[in-house]
Amino acid sequence: MTRDPSADSRISAEDIRRRKGGVPIVCLTAYTYPIARLLDPHVDLLLVGDSVAMVLHGHATTLGASLEMMIAHGQAVMRGSAKACVVVDMPAGSYEASPAQAVAAAKRIVEETGCQAVKLEGGVDMASQIAAIVAEGIPVMGHIGLQPQSVEKDGGYKIKGRTQDNIAALLRDAEVVEAAGAFSVVIEGTMEAVAAKLTHHVSIPTIGIGASADCDGQILVIDDMVGMTVDRVPKFVKEYANLRGAIADAAARYAAEVRSRAFPGPGHVFTTASGKDKT
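Here goes a summary of the coordinates provided. What you are looking at is a predicted structure, and each value in this text was computed from that prediction instead of being measured. (Residues numbered from 1 in each chain as written. Predicted model: local features only at pLDDT ≥ 70, side-chain atom pairs only at ≥ 80, totals over all residues. Heavy atoms only, no water.)

Examining the pairing of strand β6 (residues 184–188)
The element β6 is extensively covered by neighbouring structure, given that five of its five residues are classed as buried. Of the two faces of β6, both are covered, the one formed by S184, V186 and E188 as well as the one formed by V185 and I187. Taken together, the five bridges between strand β5 (residues 140–145) and β6 define a ladder with parallel strand orientation. When the bridges of β6 are listed, H143 appears paired with V186. Where β6 meets strand β7 (residues 206–209), four bridges bridge the pair, whose relative direction is parallel. Bridging across to β7, E188 finds its partner in I209. A crossover connection joins β6 to the parallel β7 through helix α9 (residues 192–201); in handedness this β-α-β unit is right-handed. (Buried < 20%, exposed > 50% of the residue type's maximum accessible area, 1.4 Å probe, protein only. Helix = DSSP H or I, 4+ residues; strand = E, 2+ residues; numbered from the N terminus. Pairing = 2+ DSSP bridges. Right-handed = clockwise from strand over helix to strand, strands pointing away.)

With respect to a nonpolar patch on the surface
On the surface, Y254, V258 and F263 cluster together into a nonpolar patch covering about 280 Å² of accessible area. Position of F263 relative to the elements: it lies in the segment after α11 (243–259). (Patch = residues over 30% accessible without salt bridge, like charges linked within 9 Å, V, L, I, M, F, W, Y side chains within 5 Å. Areas by Shrake-Rupley, 256 points an atom, 1.4 Å probe, with all protein chains shown as cover. Salt bridge = Lys/Arg side-chain N within 4 Å of Asp/Glu carboxyl O.)

Some words on the packing of helix α4 (residues 67–80) against helix α5 (residues 99–113)
In helix packing, the relevant descriptors are the interaxial angle and the interaxial distance, both defined with respect to the helix axes. Contact geometry for α4 and α5: axes closest at 9 Å, N-to-C directions at 30°. When the axes of α4 and α5 are compared, the pair comes out roughly parallel. Read as a crossing pair, α4 and α5 show a hand that is right-handed. Taken together, the residues of α5 that come into contact with α4 (itself represented by L67, E68, I71, G74, Q75 and M78) are A105, R108, I109, E112 and T113. Residues belonging to the contact of α4 with α5 are distributed by class as follows: five nonpolar, three polar and three charged. (Axes fitted to C-alpha atoms, helices over the stretch in contact; angles between N-to-C directions. Parallel < 35°, antiparallel > 145°, perpendicular 65-115°, else oblique. Left-handed = near helix turned anticlockwise from the far one by under 90°. Contact = heavy atoms within 4.5 Å. Nonpolar A, V, L, I, M, F, W, Y, C, P; charged D, E, K, R; others polar.)

Written out as structure tokens, the structure reads:
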């Protein structure tokens, strides 16, 4: 059953903006209806991340995400969420070319999903795109530091903030993202002291991932957090469960019972003609 969004008061992008310096903002990614249902009571913000291309679709990088993919998963998450601020990632190729392209893609995402905001990667180079989207009344979350959509250009996933020049560039990115009107900014894969400095440097909330406990909030990929990731788990991830093991164990026990004909048993088959059996 789809949840009724009017049943609870949904957190807005402006609510998130006002959380600067307050109780840390709890964020997780979500890509599906059941996961959104489970996470919604516990988080402030659900990000429909372009990481879905890797996590659910098996791509090597986030560059496999398309606008249609993001919209489909955004719709699913919105059906399962009633409280959290839902933000949908703008995939690579949907906004970089021009402010007009960015506005068109952002409008389509919001109109077709009903989400509260969009997120895009980039600092100084994406200031015009952020400003143009915000001017259309669509809240934007920024993303600086390590930018997964730039992994090919950067030659891999490289931690940011190791040199003075890079630190200066990150400060400019943070300043410009804020000035362009973003309501918050993700800081990813950045040296801890630098991420803390960025957090204190801007007046909008920072959301850390592989950054600093000083950030105004934290986000993790849900599959990483619950131990579902089947490939390499990033260093910055803390696994709060081990669903890999639980799922593998369940599959093994199911396979054994099917092969031994222990499943299905009497309680899992229909045995009467009365019409009272329920599925």
